[in-house]
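The lines below spell out each chain.
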Amino acid sequence: MCKSCEVQQVVVAGQDASTRHHTTTVLPQVLSCLAASLGTLSAGAVNGWSAGALPSLDADPHIQMGTSNNAWVVGIVALGAIVGSTVAGRVTDVLGRRKTILASCPFLFAGWIIIALASNLGLVLTGRALCGLSTAFLFSAVQVYCSEIPEGGIRGRLGAVPSLFVTLGVVLTYVAGACFSWRTSCYICATPCVLTFVAIIFVPESPHWLLLRGKRDDAEVALRRLRGPNYDLTKEITEMEAKIVSVGRKHELGELWRPRTRRPFLIALFNMTLQQISGGNILIMYTGNIFISAGVANHNMAIVYTGLVQIAGTLLSVILMDHAGRRPMIVISTAVMGISIIMLGIYFYMINVVGDLWPGWVPLTTVLVAVFGYCLGCRTIPFLLSAELFNTTIRSTANNVTFFYNRILNFAVIQTFPYFEESAGAYTVFFVLGGLCLACCGISLICVPETKGKTLEQLQEYFEKKSTSTPECKVNDKKIQEPTISYNDVTSKTSKSLIAPSSCTLVNENVTNTSRGLSSTCTKTIVHSEKGKQDESSVESTKL
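Procedures and definitions
- Residues numbered from 1 in each chain as written.
- Predicted model: local features only at pLDDT ≥ 70, side-chain atom pairs only at ≥ 80, totals over all residues.
- Heavy atoms only, no water.
- Helix = DSSP H or I, 4+ residues; strand = E, 2+ residues; numbered from the N terminus.
- Buried < 20%, exposed > 50% of the residue type's maximum accessible area, 1.4 Å probe, protein only.
- Contact = heavy atoms within 4.5 Å.
- Areas by Shrake-Rupley, 256 points an atom, 1.4 Å probe, with all protein chains shown as cover.
- Salt bridge = Lys/Arg side-chain N within 4 Å of Asp/Glu carboxyl O.
- Phe/Tyr/Trp six-rings, centres within 6.5 Å; stacked < 30°, edge-to-face > 60°.
- Expected span 1.5 Å × (residues − 1).
- Arc of directions from axis to C-beta.
- Patch = residues over 30% accessible without salt bridge, like charges linked within 9 Å, V, L, I, M, F, W, Y side chains within 5 Å.
- Disulfide = S-S within 2.5 Å.
- Core = buried A, V, L, I, M, F, W, Y, C linked by side-chain atoms within 4.5 Å.
- Axes fitted to C-alpha atoms, helices over the stretch in contact; angles between N-to-C directions.
- Parallel < 35°, antiparallel > 145°, perpendicular 65-115°, else oblique.
- Nonpolar A, V, L, I, M, F, W, Y, C, P; charged D, E, K, R; others polar.
- Polar contact = N/O pair within 3.5 Å; in protein donor to acceptor, adjacent residues only side chain to side chain.

Enquirer: Residues and numbers for the overall build of the chain, please.
Expert: A tally of helices and strands in the chain yields 22 helices and five strands. Out of the 544 residues in the chain, the part that is buried amounts to 52%. Sequence-distant contacts, at least 24 apart, represent 80% of the contacts inside the chain between residues at least 6 apart. As presented, the chain carries roughly 23,100 Å² of accessible surface, and 63% of it is formed by carbon and sulfur atoms.

Put into structure tokens, the structure is as follows:
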């Protein structure tokens, strides 16, 4: 065979190897996220059920309702989620993401059946509390799972799928409440629990969790199923293992306040605060009552329209997540919500205080626009960020803590709304919520980081570099800190007195210069001389 042919074969073989390394199959990742997200469809049904069921419950002669009971039917779900979230993170780390979803489905199914068969308000509240308890485990496990298994380039879209299914669950309850009695709607809402239980059996466990438990072989099998047969998974597995080793396998709550985790933790808490004080959950969970008090003629159809708008907003969020980015979408979302909710406040002020009757399409339109804005970013991004900002060791625990905080705020907001509305008027409530939305819009523009296109390992490295205070060097496997110096002003002559001898090796190539807030790359070169010249060192400083 001629040499040119041999060279051509070698080049083709090299191209094939390169192609194999970069070729992945997206479909298994999509199907796995869809199967897991069916669990949040069930959880979304729990949150949205009250919007369509409260008017039906009020009309039921066997159930005694009122302002206080309405608030408890809505709020006890959040109370159950608060209780469940105290242990959901640990359970997710012990059982695994997949098994936690699997185990939660029977409890959620039982909660729906208790509500459907309830003969008094006490049993309704018991079933709602059990449903809320189950959603804590589902939200914790599903969001972490859908953030861990996709590649970096599609993680935003697949990580937002759970929020899309939450929306679908809410819409399911809207339609069921508009077309059927509140008891029949419970049986309809219990169906996704069965679908989730069946679908999750066929998906692999998260490779990150398997590596965390020391099951490398199982992690390789799971990653092969997710990435396809032509993917060279060695590099990805090695990077995941390296990060787990560098961070440590033990998960402690104290990790949340360490420098490398503190910043993402505060960002996640801010986003959860933004989600709850924006008023989106009030509009979704009290939709029917709001439309009735606003004088909308056919409130049942208005509820269905609200559900359809939620689907449109969340779908657009999923599509744009990896194109527009997280920060622009959260800014646009809060801006749209703030303006719309203030307009809703103006409407209530005009009809209740001024006495100027406006047409019924005004509150309907403002609510639809506000809900669309909520689903565009405020519903999806806080849960996505709370799962992707943290390292593998603490991810499920951190996600659980932020969800616990989210449910506390949720309980406070939705419990307070009926009493606040009665005492101060609906217009005051919406003015306050709209103002808070606009304030969060400005803060988000400054504080929310952009994570699109980054792998989980790259995000971890970014926050670790941000948290590093001083350069370190390593002598005989012991870390010591170097004096704080300005590397940009160091010359080869002065560096001899500042840099340790050649026996000292740098722990990391990248170290942080705290005196100037820059990350620097310190490169040490030893120049050997045949005639016994002294060694010389040179230091370069480049901005990352």
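Now, onward.
Enquirer: Explain the pattern of salt bridges to me, using residue names and the numbers behind them.
Expert: Any two side chains of opposite charge can pair, so long as their charged atoms come close to each other. Throughout the structure, instances matching the rule amount to five salt bridges. Arg216 is paired through a salt bridge with Glu241; the nearest N and O atoms lie 2.4 Å apart. Pair noted here: Arg216 is in helix H10 (residues 216-227) and Glu241 is in helix H11 (residues 234-247), with a separation of 25 residues, a long-range link. With a relative accessible area of 28%, Arg216 lands in the partly exposed category. A relative accessible area of 26% places Glu241 in the partly exposed class. Connected via shared salt-bridge partners are Asp93, Arg97 and Glu148.

Enquirer: Outline the packing of aromatic side chains, supporting the account with residue identities and numerical values.
Expert: If you walk through the whole model with that rule in mind, you get 13 aromatic pairs. On the numbers, 6.4 Å between centres and 50° between planes, the contact of Phe417 with Phe430 is tilted. Within this pair, whereas Phe417 is found in helix H19 (residues 395-424), its partner Phe430 is found in helix H20 (residues 426-447), the two being separated by 13 residues in sequence. The exposure classification of Phe417 matches that of Phe430, with both residues buried. Arranged with centres 6.5 Å apart and planes meeting at 70°, the rings of Tyr427 and Phe431 form a pair that is edge-to-face. Within this pair, Tyr427 and its partner Phe431 are both found in helix H20, separated by four residues, close to a single helical turn. With a relative accessible area of 33%, Phe431 lands in the partly exposed category. Joined through ring pairs, the aromatic side chains of Tyr286, Tyr347, Phe348, Trp358, Phe417 and Phe430 make up one cluster.

Enquirer: Give me the lowdown on helix H8 (residues 182-200), citing residues and values where you can.
Expert: The end-to-end C-alpha distance of H8, which contains 19 residues, comes to 29 Å, matching closely the 27 Å that a straight helix rising 1.5 Å per residue would cover. Taken residue by residue, H8 has Trp182, Ser185, Cys186, Cys189, Ala190, Pro192, Cys193, Thr196 and Ile200 as its buried positions. What you see down the axis of H8 is that its buried residues fit within an arc of 140°, all on one side. Tucked into the core, H8 has its buried residues touching helix H2 (27-59), helix H4 (97-116), helix H5 (121-148) and helix H7 (161-179).

Enquirer: Go over a nonpolar patch on the surface, please, and point to the residues and values.
Expert: Among the surface-exposed residues, Phe109, Val194, Phe197, Val198, Ile201 and Phe202 lie close enough to one another that they form a single nonpolar patch of about 540 Å² accessible area. With three residues, H8 is the single largest residue contributor to the nonpolar patch. The topology assignment puts Val198 in helix H8. Taking the relative accessible area as the measure of exposure, Val198 reaches 44% and is therefore partly exposed.

Enquirer: Run through the state of the cysteines, naming residues and quoting values.
Expert: Tallying each qualifying case throughout the model produces zero disulfides. Just so you know, Cys193 is unpaired, no disulfide at all, and the nearest cysteine sulfur is the one on Cys105, 6.2 Å from it. Looking at Cys193, the relative accessible area reads 2%, which means it is buried. With no disulfide partner, Cys441 has as its closest neighbouring cysteine sulfur the one in Cys440, 8.9 Å distant.

Enquirer: Please provide a residue-by-residue account of the nonpolar core, values included.
Expert: A general trend in soluble globular proteins is that nonpolar side chains are found buried together. Grouped together as the largest cluster of nonpolar side chains are 114 residues, with contacts concentrated most on Trp49, Trp112, Tyr286 and Phe430. Of all the elements, H2 adds the most residues to this core, at twelve residues. Among residues more than four places away in sequence, those in contact with Tyr286 are Leu54, Asn70, Ala71, Val74, Asn281, Ile414, Phe417 and Pro418. Residues Leu210, Leu212, Ala219 and Ile244 belong to the second largest nonpolar core, which totals twelve residues.

Enquirer: How would you explain the packing of helix H3 (residues 67-95) against H19 if you had to name every residue and give the values?
Expert: Axis angle and axis distance: for two packed helices, these are the angle between their axes and the distance between the axes, and together they describe the pair. Direction vectors running N to C along H3 and H19 enclose 175°, while the axes themselves pass 8 Å from each other. As the angle between them shows, H3 and H19 are arranged roughly antiparallel. Class assignment of the residues belonging to the contact of H3 with H19 gives a composition of 15 nonpolar, twelve polar and three charged.

Enquirer: Quick one: what's the story with the side chain of Thr92, residue by residue and with numbers?
Expert: Inspection of the secondary structure puts Thr92 in helix H3. Take Thr92: its relative accessible area is 0%, and that puts it in the buried class. Within polar-contact distance, the side chain of Thr92 engages the backbone oxygen of Ala88 at 2.7 Å. Residues in contact with Thr92, not counting those within four places in the same chain, are Arg97, Thr100, Ser140, Ala141, Trp209 and Ser396.

Enquirer: Just give me the short version of the environment of Arg225, but keep the residues and values in it.
Expert: Here Arg225 lies in helix H10. Its relative accessible area of 45% is what places Arg225 among the partly exposed residues. A sequence separation of 196 residues divides Arg225 from Gln29, and the C-alpha atoms of the two residues are 8.6 Å apart. In contact with Arg225, not counting residues within four places along its chain, are Pro28, Phe202, Val203 and Pro204. Separated by 2.9 Å, the side chain of Arg225 and the backbone oxygen of Phe202 make a polar contact.

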